[in-house]
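Each chain is listed here by its residues.
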Amino acid sequence: MSPLKIDYIEFHTAALPETKTFFAKAFGWSFVDYGADYASFEGAGMNGGFSGENGSDGSDSSRSVLVVLKADDLEAAQEQVIAAGGEIVGPIVSFPGGRRFRFREPGGNVLAVWSA
């Protein structure tokens, strides 16, 4: 079993331009846009991004925070999640820079796992 570590945190926003302006002014963060509905942030001490109504994987945007783990082998990580009792709630999808899936752990939290 490969240990997976937290690598990325994704926040939902209903107003991406305003969110970017706020975090740039308040904390000096900069952004890389990936289409009209997604921007990653830089300078925050951790990798992350903001997802608008149509996030990078087309998933439910009602969540406020998505913690993303990094795997070298995405399919093996998905098998680990299932074997441990997790429920896959978002199939493997591609996005600029990689692929990912979402899962729910037995306590109800939804997380994602990505791989380049």
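Structure's up top.
For clarity, every value in this text was computed on a predicted model and none was experimentally measured.

J.: Run through the pairing of strand 8 (residues 110-115), naming residues and quoting values.
T.: Across the six residues of strand 8, five count as buried, placing the element largely inside the fold. Judged from the four bridges that link them, strand 5 (residues 65-70) and strand 8 form a sheet pairing that is parallel. Residue pairing in the sheet places Lys 70 in a bridge with Trp 114 of strand 8. When strand 7 (residues 98-104) meets strand 8, the two strands line up antiparallel, connected through six bridges. Note on strand 8: the bridge partner recorded for Phe 101 is Val 113. Between strand 7 and strand 8, which pair antiparallel and follow one another directly, the connecting turn spans five residues, one of which, Gly 108, has a positive phi of 105 degrees.

J.: Let's hear about the nonpolar core: which residues, and what values?
T.: The biggest cluster of nonpolar side chains holds nine residues, and these are Leu 69, Ala 71, Leu 74, Ala 77, Val 81, Phe 101, Phe 103, Leu 111 and Val 113. For this core, the elements supplying multiple residues, two or more each, are helix 2 (74-83), strand 7 and strand 8. The contacts of Ala 71, once residues within four sequence positions are left out, are Leu 4, Ala 77, Val 113, Trp 114 and Ser 115.

J.: Residue-level account of the sheet that holds strand 3 (residues 38-42), with values.
T.: The strand order across the open sheet formed by eight strands is 2-3-4-1-5-8-7-6, and the pairing between neighbours is mixed. The two strands at the open ends of the sheet, each matched to only one other strand, are strand 2 (30-33) and strand 6 (87-95). Each strand axis lies, on average, 25 degrees off the axis of its neighbour in the sheet, ignoring direction. Relative to the sheet, helix 1 (residues 16-27) contacts strand 2, strand 3 and strand 4 (48-51), its axis offset from that of strand 2 by approximately 150 degrees. Sheet contacts for helix 2: strand 6, strand 7 and strand 8; angle to strand 7, the most-contacted strand, approximately 5 degrees.

Rules of the game
- Residues numbered from 1 in each chain as written.
- Predicted model: local features only at pLDDT ≥ 70, side-chain atom pairs only at ≥ 80, totals over all residues.
- Heavy atoms only, no water.
- Buried < 20%, exposed > 50% of the residue type's maximum accessible area, 1.4 Å probe, protein only.
- Helix = DSSP H or I, 4+ residues; strand = E, 2+ residues; numbered from the N terminus.
- Pairing = 2+ DSSP bridges.
- Core = buried A, V, L, I, M, F, W, Y, C linked by side-chain atoms within 4.5 Å.
- Contact = heavy atoms within 4.5 Å.
- Axes fitted to C-alpha atoms, helices over the stretch in contact; angles between N-to-C directions.

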